[in-house]
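Coordinate analysis (summary)
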Amino acid sequence: MVSASSGDPFALAMAPPLNETAVEKELRERAEAEARSVSDVIDEQIRQERMALKKKSVKVLLLGQNESGKSATLKNFQLQYAGREWAEERASWRAVVYLNLINSILRVLDVLLREMSLSDDARRPGTYSRTDYLSDSDLESSSPAPVYRFTDKHRLLKLRLAPLRRVQADLERKLGPGSREINFTSEATASPFYLTARQGQGPSGEFGINSTNGWRSALEKLRPSQKGVDRPESSLTRRKEEEVIEILVGCKDDMNNLWKDSVVQQILARRKSKVEDSAGFFLNDMERIVSYTYEPSDDDIVRARLRTVGVQEHRLTMDKAHGTDWIMYDVGGTRSSRASWIPYFDDADAIIFLCPISCFDETLREDRGVNRLEDSYQLWRFVCSSRLLSRAQIILFLNKCDILQNKLKRGMRVRDFVPSFGDRKNDTPTVMGYFQSHFKEISKRASPEARPFFIYFTSVIDTKATAATLSVVKESILRVHLRNAELIL
């Protein structure tokens, strides 16, 4: 019996009533036992629900800089493991492919117009203005400007391709902020997570969204009405798309003439501007794409470029036997987007980090003073050193090996951009091995404790080759997840 003078409020509350009879005590103890039993059942249900959630959901983050191939990797996963949704979205990707095609042809046209303007002795103001399509190599060249033979044909192309600028603007408005690339130069440092003074807004005025639907929020606007459902916006979308196709078909010959023009090719070669290496490049597929009957292929959808804005969530059922869902997060890779990554690090089961090893000669769009490969090194160092990710399985995709091979075949020397490469043989296997060893060394030095990680050389726009890689990655992640969830030994 607890006395009133004990001073323990909890003990007083739990003490049996004073002058309790034997019958009353028996009834009280029986009620307390029943209450404990109910409480134990509820606790067990909560525990089982938490275990079931842990067993069925695998949290995978896709990390890497802008244009590293994160979204293309996600699309490969969807192609392999979400066939129904993939088929439903197929037609909606047509507009994205058209926009990518238009962006490329206007970039080439603007390079031509700039050269024509520079060759004009009068240097008339307003002849040319810098646009977002031009990269550093488009705009600058250290070699003396040669004299090109421009004709009336070149001047006429500017007029005949002018309707494409209106189509471009219409498609960008329809698809939203992800349809437009950022292009600004900042004095920001090369730190992995550049934070601006204005919360939620980058130095370019870029804004971000957290979307549970990913690019579906953009594609939904372009999806035709379902059978039996008449949506007014669907008929408007169809009319707009018909207008786009009409204009593209009307400009098809001029686009072909521009792209295949010998003078244009000389200009691009001199400026070392390889439009073919750009994300969303479709100029060599013009004959197939600019058609009234065009339907995007699987490869077209994977190659199509729609920039990720914010952090986008996608759910895939990857293991039907165990009912395991993957929640995959595709993150924006630009400087101003990276601060939004960190909240998603908690409880991550796996990281797929992508580095485009072909970018050793390129700089960031956001900051022309920062080499893209060095930026990837810094991001990789941050990921490896993060204690929030210390329990996550890490998989490294050294991506765009196809572009790397093409650059080396063209005679580009790695040591001119990466002095530490030294006098090693300038061939693809040697370069790939060198970059691989560098990433291994960073992981070894930066990780709080030693842990294994897996490295794959990839070209994620190659859907067949990537399918085999993803199958191995899937099995590896699932095996570790099930072991952690105590479902397998």
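Residues numbered from 1 in each chain as written. Predicted model: local features only at pLDDT ≥ 70, side-chain atom pairs only at ≥ 80, totals over all residues. Heavy atoms only, no water.

In the nomenclature of an unreviewed UniProt entry, the chain corresponds to Guanine nucleotide-binding protein alpha-4 subunit from the organism Paxillus rubicundulus Ve08.2h10.

1. A look at the packing of aromatic side chains
The condition is simple: Centres within 6.5 Å are what make two rings of Phe, Tyr or Trp a pair, Trp counting through its six-membered ring; a difference in plane orientation under 30 degrees is then read as stacked, over 60 as edge-to-face, and the rest as tilted. Note on geometry: a ring has a charge over it if NZ (lysine) or CZ (arginine) is within 6 Å of the ring centre and within 35 degrees of the ring normal.
Taken as a whole and assessed by the stated rule, the structure comprises 14 aromatic pairs. Grouped by ring-pair contacts, the aromatic residues Phe353, Tyr377, Trp380, Phe439 and Phe453 constitute a single cluster. Over the aromatic face of Phe360 sits the side chain of Lys407, whose NZ or CZ is 5.7 Å from the ring centroid. For the cation-ring pair, Arg424 lies above Phe421, with the distance from its terminal atom to the ring centre recorded as 6.0 Å.

2. Notes on the packing of helix H5 (residues 93-119) against helix H7 (residues 152-160)
Just so we agree on the cut-off: For helices, the fitted axis covers only the stretch in contact; all axes are lines through C-alpha atoms, and the angles between them, taken along N-to-C directions, range from 0 to 180 degrees. A run of H or I in DSSP counts as a helix once it spans at least four residues, and a run of E counts as a strand once it spans at least two, with each numbered from the N terminus. Oblique is the label for any angle not covered by the other classes, which are roughly parallel (under 35 degrees), roughly antiparallel (over 145) and roughly perpendicular (65 to 115). Should the near helix be turned counterclockwise from the far one by less than a right angle, the crossing is left-handed, whereas a clockwise turn marks it as right-handed. In what follows, a contact means two residues having at least one pair of non-hydrogen atoms within 4.5 Å. Each residue gets one label: Ala, Val, Leu, Ile, Met, Phe, Trp, Tyr, Cys and Pro are nonpolar, Asp, Glu, Lys and Arg are charged, and the others, such as Gly, are polar.
Between H5 and H7, the least distance of the axes is 11 Å, while the angle of their chain directions is 130 degrees. Our classification of the angle between H5 and H7 gives oblique. Judged by the sense of rotation from one axis to the other, the crossing of H5 with H7 is left-handed. Contacts between H5 and H7 involve Leu109, Leu112, Leu113 and Met116 on the former and, on the latter, His154, Arg155 and Lys158. Grouping the amino acids of the contact of H5 with H7 by side-chain chemistry returns four nonpolar, one polar and two charged.

3. Describing the UniProt feature "binding site: GTP" (unreviewed entry) in the chain
We apply this condition: UniProt positions are given in the numbering used here, feature names are shortened, and annotations may be inferred rather than shown by experiment. To sort residues, take the accessible area from a 1.4 Å probe on protein chains only and compare it with the maximum for the residue type: under 20% means buried, over 50% means exposed, and anything in between is partly exposed.
The sites that UniProt annotates as "binding site: GTP" (unreviewed entry) are Asp277, Ser278, Asn399, Lys400, Cys401 and Asp402. Taken along the chain, the residues just named run across 126 residues; in space they keep tight, none of their C-alpha pairs more than 13.8 Å apart. Locating Asn399 in the fold gives a position in strand E6 (residues 393-399). Under the relative-accessibility criterion, Asn399 is labelled buried at 1%. Beyond its immediate sequence surroundings of up to four residues, Asn399 is in contact with Ser68, Gly69, Leu354, Cys355, Pro356, Ile357, Ser358, Thr458, Ser459 and Val460.

4. Some words on helix H16 (residues 428-446)
What counts is decided by this rule: In this scheme, a helix's expected span is set at 1.5 Å multiplied by one less than its residue total.
With 19 residues, H16 should reach 27 Å at 1.5 Å per residue; the first-to-last C-alpha distance of 27 Å fits that figure. When H16 is considered as a whole, its buried residues turn out to be Thr428, Val431, Met432, Tyr434, Phe435, Phe439, Ile442, Ser443 and Ala446. On the buried face of H16, the contacting elements are strand E5 (350-356), helix H14 (372-385), E6, helix H15 (401-409) and strand E7 (454-457).

5. Topic: the nonpolar core
As a reminder of what qualifies: The term nonpolar core refers to a set of buried residues drawn from Ala, Val, Leu, Ile, Met, Phe, Trp, Tyr and Cys, joined through side-chain atoms within 4.5 Å.
With 72 residues, the main nonpolar core has Leu164, Met255, Leu258, Trp326, Ile352 and Phe397 as its most contacted residues. Sort the elements by how many residues they give to this core and H5 lands first, with 16 residues. Once residues within four sequence positions are removed from consideration, Phe397 is found in contact with Thr73, Ile352, Phe353, Leu354, Cys355, Tyr456, Thr458, Val460, Thr469, Leu470 and Val473. Membership of the second largest hydrophobic core comes to 43 residues, among which are Tyr377, Ile394, Phe421 and Phe453.

6. Some details on the UniProt feature "binding site: Mg(2+)" (unreviewed entry) in the chain
UniProt's feature table lists "binding site: Mg(2+)" (unreviewed entry) at Thr308, given in the numbering used throughout. For Thr308, the position within the fold is in the loop between helix H13 (298-303) and strand E3 (311-319). Accessibility expressed as a relative area gives 8% for Thr308, which makes it buried. Excluding its chain neighbours within four sequence positions, the residues that come into contact with Thr308 are Ser71, Asp330, Val331 and Gly332.

7. Quick look at the pairing of E5
Going by this rule: Two strands pair if DSSP finds at least two bridges between them. Look down the strands so they point away from you; if the path from the first strand over the helix to the second goes clockwise, the crossover is right-handed.
By the criterion of burial, E5 is predominantly enclosed, with seven of the seven residues buried. Of the two faces of E5, both are covered, the one formed by Ala350, Ile352, Leu354 and Pro356 as well as the one formed by Ile351, Phe353 and Cys355. Two strands pair when backbone bridges link them, and strand E1 (residues 57-63) and E5 are joined in this way by four bridges, in the parallel orientation. Counted as the bridge partner of Val60 is Ala350 from E5. This β-α-β element, E5 to H14 to E6, shows right-handed connectivity.

8. Topic: the pairing of E1
Residues in a regular strand point their side chains to alternate faces of the sheet. Of all seven residues that make up E1, seven are buried, and the element is covered over most of its length. Of the two faces of E1, the one holding Ser57, Lys59, Leu61 and Leu63 and the one holding Val58, Val60 and Leu62 are both buried throughout. Note that E1 and strand E4 (residues 324-331) share six bridges and pair parallel. Each residue of the ladder has a partner; that of Ser57, found in E4, is Asp325.

9. As for unusual backbone geometry
For Glu67, which is not a glycine, the phi torsion comes out positive at approximately 60 degrees. Along the chain, the position of Glu67 falls in the loop between E1 and helix H3 (70-81). The buried category is assigned to Glu67, whose relative accessible area is 16%. For Lys400, which is not glycine, the phi torsion reads 65 degrees and is therefore positive. Counting through the fold element by element, Lys400 comes out in the loop between E6 and H15. Judged by its relative accessible area of 15%, Lys400 is buried.

10. Description of the pattern of salt bridges
To keep it simple, the criterion reads: A pair is scored as a salt bridge if a Lys or Arg side-chain nitrogen falls within 4 Å of a carboxyl oxygen belonging to Asp or Glu.
Using the criterion set out here, one finds 31 salt bridges in the structure. Of the charged contacts in the structure, one is a salt bridge between Arg410 and Asp277, with a shortest N-O distance of 3.2 Å. Taken together, the residues span a long stretch of sequence, with Arg410 in the loop between H15 and H16 and Asp277 in the loop between helix H11 (262-270) and helix H12 (286-289) at a distance of 133 residues. Residue Lys474 is joined to Glu475 by a salt bridge in which the shortest nitrogen-to-oxygen separation is 4.0 Å. Look at Lys474 and you get buried, because its relative accessible area is 13%.

11. Examining the packing of H5 against helix H8 (residues 163-175)
Where H5 contacts H8, the two axes come as close as 10 Å, and the packing angle between them is 140 degrees. Between H5 and H8, the angle falls in the class oblique. In the packing of H5 onto H8, the handedness of the crossing is left-handed. Residues Ala95, Val96, Tyr98, Leu99, Ile102, Asn103, Ile105, Leu106, Leu109, Asp110 and Leu113 of H5 form the contact with H8, whose participating residues are Leu164, Arg165, Val167, Gln168, Leu171, Glu172 and Leu175.

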